[in-house]
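# Residue-level structure breakdown
Single-letter residue listing:
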Amino acid sequence: MKKMFYRFFVVASVCSIFLIIGCEGSEGPVGPAGEDGNANVKSEIIRVFGYDWEYIDGLYGIDIYTSLITQDIVNSGLVYVFLEAGDGIWFALPYQTMGFAFGQNDLAIWTQGQAVTTQTTTFRLVVIEGELIGKAAGINFKNYEEVKSFFNLKD
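Attention here is on the structure that accompanies the text. Since we're looking at a predicted model, the values are computed, not measured.

## Some remarks on the overall build of the protein
Counting its regular elements, the protein contains 3 helices and 8 strands. Reading the secondary structure of the protein in the N-to-C direction produces α-β-β-β-α-β-β-β-β-β-α. In the protein, buried positions account for 30% of the 155 residues. Taking as baseline every contact in the protein between residues at least 6 positions apart, the subset at least 24 positions apart corresponds to 68%. Accessible area of the protein: about 10600 Å², with a carbon and sulfur share of 57%.

Shown next as structure tokens:
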């Protein structure tokens, strides 16, 4: 098996070298400009199913792993969580009996109400790196549409 892998590796390497060396011709035309984005703001949709909630000490809670909340975000960034109410309406947490907390790679959402624990609930996590905070002065972070527009977020 090792000999077969070694032979495959050698043949693939030799073919790659010929392909790289054999590239000739003029450079192609410049492509069209892409859409503006924002690499310092990230968001993701989180769907929580009714059976995912745990009941502890009078609260229903869920602990979610997310790679978007880095130690830099914890130290100097912003974290927002929005609850989808349907028809494109988003409410910022905390909202009514719901709240959240976060740490590195961790998002905890809780509620006192049992209603959300019987259905699929959709949340949107938005994280913003620290250097953008000053540029976002005047943004209403409780309004998802305003956040989406300012940071050019895609649904």
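## Some remarks on the sheet that holds strand S1 (residues 41-48)
Spatially, S1-S8-S4-S5 is the arrangement adopted by the 4 strands of the open sheet, whose pairing is antiparallel. The sheet is open, and its two borders are formed by S1 and strand S5 (89-92), each paired with just one other strand. Put simply, the sheet's adjacent strands are angled 30 degrees from each other on average, direction ignored. The pairing of strand S4 (residues 78-86) with strand S8 (residues 121-128) spans 6 bridges and is antiparallel. Its bridge partner lying in S8, tyrosine 80 is registered against valine 126. Along the sheet face, helix H3 (residues 144-151) touches S1, S4, S5 and S8 and points at about 45 degrees away from the line of S8.

## Considering the pairing of strand S6 (residues 98-103)
Bridging between S6 and strand S7 (residues 106-111) involves 6 bridges; their strand directions are antiparallel. Pairing of glycine 103 across the sheet is with aspartate 106, part of S7. A loop of 2 residues connects S6 with S7, the two strands running antiparallel in sequence, and asparagine 105 in this loop sits at a positive phi of about 60 degrees.

## Thoughts on unusual backbone geometry
The linkage connecting leucine 93 with the following residue, proline 94, adopts the cis geometry, with an omega of 0 degrees. For proline 94, the position within the fold is in the loop between S5 and S6. At glutamine 96, a residue that is not glycine, the phi angle is positive and equals roughly 50 degrees. Mapped onto the fold, glutamine 96 is located in the loop between S5 and S6. Positioned with a positive phi, asparagine 105 is a non-glycine residue whose angle comes to about 60 degrees. Here asparagine 105 shows up in the loop between S6 and S7.

## What about the nonpolar core?
By size, the foremost hydrophobic cluster in this structure holds 21 residues, and its most contacted members are Trp53, Leu107, Ile109, Phe123 and Leu125. Going through the elements one at a time, S1, strand S3 (59-65), S4, S6, S7 and S8 are the ones with two or more residues in this core. The contacts of isoleucine 109, once residues within four sequence positions are left out, are Trp53, Tyr60, Gly61, Ile62, Ile64, Val81, Leu93, Met98, Gly99, Phe100 and Phe123. Tyr80, Phe82, Val126 and Phe141 belong to the second-largest nonpolar core, a separate cluster that totals 14 residues.

## Some remarks on the side chain of threonine 122
Along the chain, threonine 122 turns up in strand S8. Residue threonine 122 is classed as buried on the basis of its relative accessible area, which comes to 10%. When neighbours within four sequence positions are excluded, threonine 122 is seen to be in contact with Ile45, Ile46, Arg47, Phe82, Leu83, Glu84 and Trp90.

## Focus: the sheet that holds S6
Strand order in the open sheet formed by 4 strands is S2-S3-S7-S6, and the pairing between neighbours is antiparallel. Of all the strands in the sheet, the pair left with one neighbour each is strand S2 (54-56) and S6. Strand-to-strand twist of the sheet, defined as the mean angle between neighbouring strand axes without regard to direction, takes the value 30 degrees. Note that S2 and S3 share 3 bridges and pair antiparallel. Pairing of isoleucine 56 across the sheet is with leucine 59, part of S3.

The rules we used
Residues numbered from 1 in each chain as written. Predicted model: local features only at pLDDT ≥ 70, side-chain atom pairs only at ≥ 80, totals over all residues. Heavy atoms only, no water. Helix = DSSP H or I, 4+ residues; strand = E, 2+ residues; numbered from the N terminus. Buried < 20%, exposed > 50% of the residue type's maximum accessible area, 1.4 Å probe, protein only. Contact = heavy atoms within 4.5 Å. Areas by Shrake-Rupley, 256 points an atom, 1.4 Å probe, with all protein chains shown as cover. Pairing = 2+ DSSP bridges. Axes fitted to C-alpha atoms, helices over the stretch in contact; angles between N-to-C directions. Core = buried A, V, L, I, M, F, W, Y, C linked by side-chain atoms within 4.5 Å.

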